[in-house]
Amino acid sequence: MILSRYERMIARRYLLPGKGEAFIFLVASISLVAVMLGVAALVIVMSVMNGFRAELFDKIVGLNGHAVVQGYNGRLPDWRTIVSQAKATPGVTSAIPLIEQPLAATYNGRAEAVLLHGMRAADITSNTTLHAKILMGSMAAITRGSGEVAIGSRLAEALGAQVGSQISLFSPQGQTTPFGTVPRIVSYTVGAIFEIGVYDYDKAYVVMPIEDAQTLLLMGDDVGMVEVKTVDADRVGPILAPLAKTVAGEAVISDWRSMNAQLFEALAVERVAMFTVLSIIILVAVFNILSSLIMLVRAKTRDIAILRTMGATRGGLMRIFMVVGTTIGALGTLAGLLLGAVFLFYRQGVVNVVQYVTGQNLWDPSIRYLTELPSKTDPVEVIAIAAMALVFSFLATLYPAWKAASTDPVQVLRYE
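The rules behind these values
Residues numbered from 1 in each chain as written. Predicted model: local features only at pLDDT ≥ 70, side-chain atom pairs only at ≥ 80, totals over all residues. Heavy atoms only, no water. Salt bridge = Lys/Arg side-chain N within 4 Å of Asp/Glu carboxyl O. Helix = DSSP H or I, 4+ residues; strand = E, 2+ residues; numbered from the N terminus. Buried < 20%, exposed > 50% of the residue type's maximum accessible area, 1.4 Å probe, protein only. Pairing = 2+ DSSP bridges. Patch = residues over 30% accessible without salt bridge, like charges linked within 9 Å, V, L, I, M, F, W, Y side chains within 5 Å. Areas by Shrake-Rupley, 256 points an atom, 1.4 Å probe, with all protein chains shown as cover. Axes fitted to C-alpha atoms, helices over the stretch in contact; angles between N-to-C directions. Left-handed = near helix turned anticlockwise from the far one by under 90°. Contact = heavy atoms within 4.5 Å. Nonpolar A, V, L, I, M, F, W, Y, C, P; charged D, E, K, R; others polar. Core = buried A, V, L, I, M, F, W, Y, C linked by side-chain atoms within 4.5 Å. Polar contact = N/O pair within 3.5 Å; in protein donor to acceptor, adjacent residues only side chain to side chain. Phe/Tyr/Trp six-rings, centres within 6.5 Å; stacked < 30°, edge-to-face > 60°.

Asker: I'd like to hear about the pattern of salt bridges, residue by residue, with values.
Answerer: By the definition in use, this model includes 5 salt bridges. Between Asp 221 and Arg 80 there is a salt bridge; the shortest N-O distance is 2.5 Å. Pair noted here: Asp 221 is in the loop between helix 7 (210–216) and strand 9 (225–230) and Arg 80 is in helix 3 (residues 79–88), with a separation of 141 residues, a long-range link. Here Lys 133 makes a salt bridge to Glu 195, at a shortest N to O gap of 3.6 Å. Of this pair, Lys 133 sits in the loop between helix 4 (121–126) and strand 4 (134–137) while Glu 195 sits in the loop between strand 7 (180–194) and helix 6 (199–204), placing them 62 residues apart in sequence.

Asker: Residue-level account of the pairing of strand 1 (residues 67–71), with values.
Answerer: Put simply, side chains in a regular strand alternate between the two faces of the sheet. Burial runs high along strand 1: 4 of the 5 residues are buried. Inspection of the sheet shows strand 1 paired to strand 9 by 4 bridges, in the antiparallel sense. Bridge pairing links Val 69 to Val 226 in strand 9. Note that strand 1 and strand 10 (residues 251–255) share 5 bridges and pair antiparallel. Residue pairing across strands places Val 68 opposite Ser 254, the latter belonging to strand 10.

Asker: Give me the lowdown on a nonpolar patch on the surface, citing residues and values where you can.
Answerer: A surface patch of nonpolar side chains, about 310 Å² in accessible area, is lined by Val 391, Phe 394, Leu 395 and Leu 398. Counting through the fold element by element, Leu 398 comes out in helix 15 (residues 379–405). According to the relative accessible area criterion, Leu 398 is partly exposed, its value standing at 31%.

Asker: Help me get a handle on the packing of helix 11 (residues 301–309) against helix 12 (residues 314–345), residues and values and all.
Answerer: Describing two packed helices takes the angle between their axes plus the distance from one axis to the other. It is the contact of helix 11 with helix 12, at a shortest axis distance of 10 Å, that shows an interaxial angle of 145°. When the axes of helix 11 and helix 12 are compared, the crossing they make is right-handed. Residues Ile 304, Leu 307 and Arg 308 of helix 11 pack against Arg 314, Leu 317 and Phe 321 of helix 12. Counted by class, the contact of helix 11 with helix 12 contains 4 nonpolar, no polar and 2 charged residues.

Asker: Explain the nonpolar core to me, and be specific about the residues and the numbers.
Answerer: Burial of nonpolar side chains together is a common tendency in soluble globular proteins. Ranked by internal contacts, the top residues of the largest apolar core, which has 112 residues, are Ile 151, Ile 167, Leu 169, Val 226 and Phe 321. Among residues more than four places away in sequence, those in contact with Phe 321 are Tyr 14, Leu 293, Leu 296, Val 297, Ile 304, Thr 397, Ala 401 and Ala 404.

Asker: Now, about the side chain of Ser 165: what can you tell me, with residues and values included?
Answerer: You can see Ser 165 is positioned in the loop between helix 5 (153–159) and strand 6 (166–177). With relative accessibility at 9%, the residue Ser 165 sits in the buried group. Within polar-contact distance, the side chain of Ser 165 engages the side chain of Tyr 107 at 3.4 Å. With near-sequence residues (within four places) excluded, Ser 165 lies in contact with Tyr 107, Tyr 188, Thr 189 and Val 190.

Asker: Account for the packing of aromatic side chains, with residues named and values stated.
Answerer: By the definition in use, this model includes 3 aromatic pairs. Relative to Tyr 205, the ring of Tyr 201 lies with its centre 5.1 Å away and its plane at 45°, an arrangement referred to as tilted. Taking 6.1 Å as the distance between ring centres and 35° as the angle between the ring planes, the aromatic pair formed by Tyr 399 and Trp 402 counts as tilted. Here Tyr 399 and its partner Trp 402 are both found in helix 15, 3 residues apart, which amounts to about one turn of the helix.

Structure (structure tokens):
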């Protein structure tokens, strides 16, 4: 929108408070603050929701892959062939044998339900998710026949165990006697304590070499599943379709969508709902801009009439008031983006301060899954939010601008 010199001067004058116009300036300032808060709220919430989904996806995929090949009876005797077939499938980047079995662990009279996670020693060493945060010990100690395991930080806290502690694992797969099956109880040394960042994993995971897990569960050379990763998580179904046909009758393939469908669908619904609700804040701010411009037009009726008699065109007057309103929206949008960026940068500190002041635990990992407030800002979403705020602000200027342009100078000056 190109303005002439006098139009820019008048628009700048109307943006600043004049004599007797303090109330109009106050309403305009409130409009700017409302736009700022609306934009900031949308940026913060959408970034947190994106971060929540991305963190959960990374952690879940880091431990379970994009898909798993599971035997119908919970065992894969011919797992080496399946691993070879998976690696030969186009689009598959890795295939790793795993054993996952729910068990119970005890230490010093405390008992907790755990999830045994058996992996090859090389896969334990190369798994970036497990190595994300080693609190105590070293994953290098978790080797075949060492009798050492790695446990999650929350599990260690619940059991009161540390590196070097001897924990006992109970397996229902024991020896059969005339009096029934006797569960196996085997002691292991805690060699490392890790923190993945997902509460459920940190509270339950016990990682050990797959050979030790086979011995504990009396599985022989069998494994429970084969974890598969692909080049594109969103195309995991079409990529693994040939493998599914190959293993049909022996195993079934479950991808990350089916294994965590309810969680990710709930996140998607909540994301849309939050965007819709918070957009109302921007809409309210736009109505404030509309009301402040209407008040400004009413206050400047005499000035508008004089400008019309001096040769100002209707289009020029429309441009002046459109620029005034759009400038308020643009400044509010810019301030909102800056406020959102600052909040996201210090988000965990803000949560900690609010928790300290209120005395409430706002981010309980047992409820929120993750141990810290995540964030992942999508530039496309930020641009869309800013564009939406600017478009709404521009639309709010049309009626006041048209009202100013349609002012009849003869009627106004006749009664002045």
